[in-house]
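Residues per chain, in single letters:
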Amino acid sequence: MTPAAPAGRCPFCAVVDGENPARTVLETEDVVAFLDVRPVFKGHTLLVPRRHVVTLPDLPEDLLSPYLAATQRLAAAMVDGLGAQGSFVAMNNVVSQSVAHLHTHVVPRTKGDGLRGFFWPRTKYADDGEAEAYAARLRQALDGA
């Protein structure tokens, strides 16, 4: 999260453009990363593309490599710069996406830090047939992409 932008203005675009204050940790031609103002743990960073892109499926192909490379650099910085043992890297697409601008959370992690895995309940497939049906539906969607 970041402070509110002017009415109707994407708050992350406002950070990118310097209109909203942020504690920037990484800036490249394609991305900006800054500290989350409500961190899970100190050092929790948000990575955004400079271009207004809403979800990961909307991310243009020319930004895929720079975006992933910046995510990788931030994950390493959690260890090298903060002494974390690892990191949690996550993004939401539409559901639970607090700002409609693609952003990736990179959170420093240390064993015993109190964060417990995923924040949603788990389920099971009824049987192998149901699992295979879901896999087939995904393969079909991917083949059509």
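It should be noted that the structure appears before, not after, this text.
Along every chain, residues carry numbers that run from 1 in the direction the sequence is written. Residue-level local features of this predicted model are given only where pLDDT is at least 70; pairs of side-chain atoms are given and counted only at 80 or more, and the full residue set underlies all totals for whole chains, interfaces and linings. For side-chain calculations, the full set of non-hydrogen atoms in the structure is used, while hydrogens and water are omitted.

Colleague: Any chance you could explain the overall build of the chain here in plain terms?
Modeller: Secondary structure is summarised from DSSP: a helix means a run of H or I of at least four residues, a strand means a run of E of at least two, and numbering begins at the N terminus for each. Check the secondary structure of the chain and you find three helices and five strands. In sequence order, the secondary structure elements of the chain are arranged as α-β-β-β-α-β-β-α. When a residue's accessible area, from a 1.4 Å probe over protein chains only, is under 20% of the maximum for its type it is buried; when over 50% it is exposed; and in between it is partly exposed. Per-residue burial over the chain gives 30% buried out of 145 residues. Should any heavy atoms of two residues lie within 4.5 Å, those residues are counted as being in contact. For the chain, the proportion of contacts with a sequence separation of at least 24, taken over those separated by at least 6, is 49%. All accessibility values rest on the Shrake-Rupley procedure with a 1.4 Å probe; residue burial counts only the protein chains present in the view. For the chain, the accessible area works out to roughly 9,400 Å², and carbon and sulfur atoms hold 55% of it.

Colleague: Just to check I follow, could you spell out the side chain of His105 for this structure?
Modeller: In this structure, His105 sits in strand β5 (residues 104-109). Any pair of nitrogen or oxygen atoms within 3.5 Å is treated as a polar contact; in protein, a donor-acceptor pairing is required on top of that, and neighbouring residues in sequence qualify only through side-chain atoms on both sides. One polar contact links His105 to His44, side chain to side chain, over a distance of 2.8 Å. Here His105 is in contact with Asp36, His44, Thr45, Leu46, Phe88, Val89 and Ala90, once residues within four sequence places are set aside.

Colleague: Honestly, unusual backbone geometry in this entry has me stumped. Any pointers?
Modeller: Here Val94, not a glycine, exhibits a phi torsion of approximately 75°, which is positive. Tracing the sequence through the fold places Val94 in the loop between β4 (86-90) and β5. Its identity as a non-glycine residue notwithstanding, Ser96 has a phi of 65°, on the positive side. As for its position among the elements, Ser96 is in the loop between β4 and β5.

Colleague: Help me understand the nonpolar core in this model?
Modeller: Proteins that are soluble and globular tend to have nonpolar side chains buried together. With 14 residues, the main nonpolar core has Leu47, Leu59, Tyr67 and Leu74 as its most contacted residues. Contributions of two or more residues to this core are made by β2 (31-35) and α2 (61-82). Sort the elements by how many residues they give to this core and α2 lands first, with five residues. Leaving out residues up to four positions away in the same chain, Leu47 has contacts with Val31, Val32, Ala33, Tyr67, Ala70, Thr71, Leu74, Leu102, His103 and Thr104. Within this scheme, the nonpolar core is defined by two criteria: the residues are buried Ala, Val, Leu, Ile, Met, Phe, Trp, Tyr or Cys, and they are joined through side-chain atoms within 4.5 Å. Of all hydrophobic cores here, the second largest spans 10 residues; its members include Phe12, Cys13, Val48 and Val99.

Colleague: Looking at this model, I keep getting lost on the sheet that holds strand β3 (residues 45-49). Mind explaining?
Modeller: We treat two strands as partners when DSSP finds at least two bridges between them. With respect to topology, five strands assemble into an open sheet ordered β1-β2-β3-β5-β4, the strand pairing being antiparallel. This sheet does not close on itself; its edge strands, each paired only once, are β1 (24-27) and β4. Averaged over all adjacent pairs, the angle separating strand axes in this sheet is 20°, with direction ignored. As judged from the three bridges shared by β3 and β5, these two strands associate in the antiparallel manner. Bridge pairing in β5 links Leu46 to His105. Each axis is a line fitted through C-alpha atoms, and for a helix only the stretch in contact is used; angles between axes span 0 to 180 degrees, taken between their N-to-C directions.

Colleague: Teacher, can you tell me more about α2 here?
Modeller: In an α-helix, one full turn covers 3.6 residues, which means residues spaced three or four apart are oriented alike. The length a helix should cover is 1.5 Å for every residue beyond the first. The end-to-end C-alpha separation of α2 is 31 Å, in line with the 32 Å expected for 22 residues at 1.5 Å each. The quantity called bend is, for any residue, the angle between two axes fitted respectively to the seven residues ending at it and the seven beginning at it. The largest bend in α2 amounts to roughly 30° and is located at Ala76. The positive-phi residue at the C-terminal boundary of α2 is Gly83, with phi of around 75°.

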